[in-house]
Amino acid sequence: MNYINNITEAIGHTPLLKLNRVGKDAGANVFVKLEHLNPSGSYKDRMALAMVEAAERGDTWNGKKLDEGGTVVEASAGNTAPAVAMVCAAKGYKAKIFLYRYQLEGGKNTRMLITQAYGPQVGISSEPDVYLTPEQIEEFSKQAPDLLHVLSAKMDCQLEEDKTENCVWVDQIYNPYNYIGQESLGREIYTQLDGQIDAIGCSVSSGASLFGMVRGLAENGVRPGLIFGVVPGGSEKYYDFPGEEADYGQFSVSDMKSVIADAVGLKKWVTEEPIVQKMLDAGYPDKVFCVSDEDARNMANRLCREEGIFCGMSSGANVAVALRIAKLLGPGKNVVTTIVDRRDRYLSETPYEKYVV
Ligand SMILES: Cc1ncc(COP(=O)(O)O)c(C=O)c1O
């Protein structure tokens, strides 16, 4: 007999696929880790499980512990929401997920419906005017209107954790178990390619997937010659960097996030170091590339049509960059990136799906 007792045991151990059509004339070999095959449809299942298990042990920044019947809170734009909801469903916890209000204009989107299917309480983040004055809203809206909603949602989580018994906000942007959960990605890739990895990278939001993947390789003594990050065009509010690509040292985390965090009253986000900064402090990535919605979407379409990979836009962006690097490195080298998530969650945006991280 060969069976599992809980769906969380099906997380990880995903195949590594060599792109033989899309990558045919690429020069180097291009490999993709098929993370859309995880149970909730993205690589966030790895970190969701690690963060919930850490909460069960009380291994949290404020010592809060998740006991039986407890509630896990998180705010998310995309993949963390269904991943946390799935892990909570499988482990018997309640989940409360705040979705960003700005993404729901025009009604429900598919990511919300997918999350709701797992049964959590799904809330829409508060209007920014709950936390900010009209003057602050006017000032921040000029630079980062989306961030107003993101930070309001995080503040909703903080308040929810404070007021609810037996409740942990897992806070993916700061939680070390986000990248610790993603280290298995690196370990698996190390084994699948016998450690022969010349370049590796993926899209960066919290930075935990890239950081965890690289740490999983480092644990096995491997430091690929090129570690690359990928960000959507228009990410300037999150990162300061020149032009469409930048070398290590030329990019940094923009201080916009902590300025707004301070204004909404989210003290933790002002005093603690986010994961992406920890990754930069550790010396990664060597390069960051900016990819447009259109290039990300075109490559995601090609991956669907030419390789049968039903993936979203950030996977398209990852592969678009991996192919550029493969051309530079030439034959005999191995370039690795991730297929982040399944495309089903973007179908309500068809045919203008956006590259969001
Ligand atoms: C579609 C997509 N791609 C890439 C990322 C980046 O992953 P990370 O937060 O680990 O940097 C995310 C994270 O939210 C995502 O949802």
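Procedures and definitions
Residues numbered from 1 in each chain as written. Predicted model: local features only at pLDDT ≥ 70, side-chain atom pairs only at ≥ 80, totals over all residues. Buried ≥ 20, exposed ≤ 12 C-beta atoms within 10 Å, placed from the backbone. Helix = DSSP H or I, 4+ residues; strand = E, 2+ residues; numbered from the N terminus. Pairing = 2+ DSSP bridges. Right-handed = clockwise from strand over helix to strand, strands pointing away. Axes fitted to C-alpha atoms, helices over the stretch in contact; angles between N-to-C directions. Contact = placed C-beta atoms within 7 Å. Parallel < 35°, antiparallel > 145°, perpendicular 65-115°, else oblique. Left-handed = near helix turned anticlockwise from the far one by under 90°. Core = buried A, V, L, I, M, F, W, Y, C linked by C-beta atoms within 7 Å. Arc of directions from axis to C-beta.

Undergrad: Explain the pairing of strand β8 (residues 226-232) to me, please; I cannot follow it from the model alone.
TA: A regular strand places its side chains so that they alternate between the two faces of the sheet. For β8, a buried count of 6 out of 7 residues is recorded, marking the element as mostly surrounded by other parts of the structure. Inspection of the sheet shows strand β7 (residues 199-203) paired to β8 by 5 bridges, in the parallel sense. Bridging from a neighbouring strand, G201 pairs with F228 of β8. Tracing the backbone out of β7, into helix α7 (residues 208-218) and back to the parallel element β8 gives a crossover that is right-handed. Of the strand pairs in this sheet, β8 and strand β12 (residues 287-291) are connected by 5 bridges, and their pairing is parallel. For F228, the partnering residue across the bridge sits in β12 and is K287.

Undergrad: Is there a simple way to explain the sheet that holds strand β13 (residues 334-339) in this structure?
TA: What holds strands together in a sheet is hydrogen bonding between their backbones, with the strands either parallel or antiparallel. Read from one edge to the other, the open sheet built from 7 strands follows the order β1-β2-β13-β7-β8-β12-β10, with strand pairing classed as mixed. The sheet is open, and its two edges are formed by β1 (16-18) and β10 (245-247), each paired on a single side. Shown here is a sheet whose adjacent strand axes are inclined to one another by a mean of 25°, direction ignored.

Undergrad: Looking at this model, I keep getting lost on the sheet that holds strand β3 (residues 71-76). Mind explaining?
TA: With respect to topology, 4 strands assemble into an open sheet ordered β5-β4-β3-β6, the strand pairing being parallel. Two strands bound the open sheet, and with one partner strand each, they are β5 (121-124) and β6 (167-169). Neighbour-to-neighbour, the strand axes of the sheet open up by a mean angle of 20°, direction not taken into account. As paired strands, β3 and strand β4 (residues 94-99) are joined by 6 bridges and run parallel to one another. In the sheet register, V72 faces β4, and the bridge partner there is A95. Running at roughly 170° to β3, helix α5 (residues 145-163) makes contact with β3, β4 and β6 of the sheet.

Undergrad: Quick question: what am I supposed to make of the packing of helix α6 (residues 176-192) against α7 here?
TA: In a packed pair of helices, the relevant descriptors are the angle between the two axes and the axis-to-axis distance. Contact pair α6 / α7: the axes reach a minimum separation of 6 Å and the direction vectors enclose 50°. With respect to α7, the axis of α6 lies oblique. Of the two elements, α6 crosses α7, and the hand of that crossing is right-handed. The segment α6 lies against α7, with N178, Y179, I180, G181, Q182, E183, S184, L185, G186, R187, I189 and Y190 engaging A208, S209, F211, G212, M213, V214, R215, G216 and L217.

Undergrad: Quick question: what am I supposed to make of the nonpolar core here?
TA: The nonpolar side chains of soluble globular proteins are, as a tendency, buried together. In this structure, V72 and V84 are the most contacted members of the largest nonpolar core, which totals 110 residues. A total of 9 residues in this core trace back to one element, the largest contributor, which is helix α12 (residues 313-329). Excluding residues within four positions of it along the chain, V72 makes contact with V52, A55, L66, V84, C88, Y93, A95, V168 and V170.

Undergrad: Even after reading the chapter, I still don't get the environment of L148, so can you show me in this structure?
TA: One can find L148 in helix α5. Counting along the chain gives 18 residues from L148 to V130, while the straight-line C-alpha distance between them is 11 Å.

Undergrad: Got a minute to help me understand helix α3 (residues 110-117) in this structure?
TA: Each α-helix winds once per 3.6 residues, and so residues spaced three or four apart point in a common direction. All buried positions along α3 are accounted for by R111, M112, I114 and T115. Seen end-on, α3 carries its buried residues on one side only, within an arc spanning 165°. Looking at the buried positions of α3, the neighbouring elements they touch are α2 (80-91), β4 and β5. Where α3 ends, the next residue or the one after it, G119, has phi of about 90°, a positive value.

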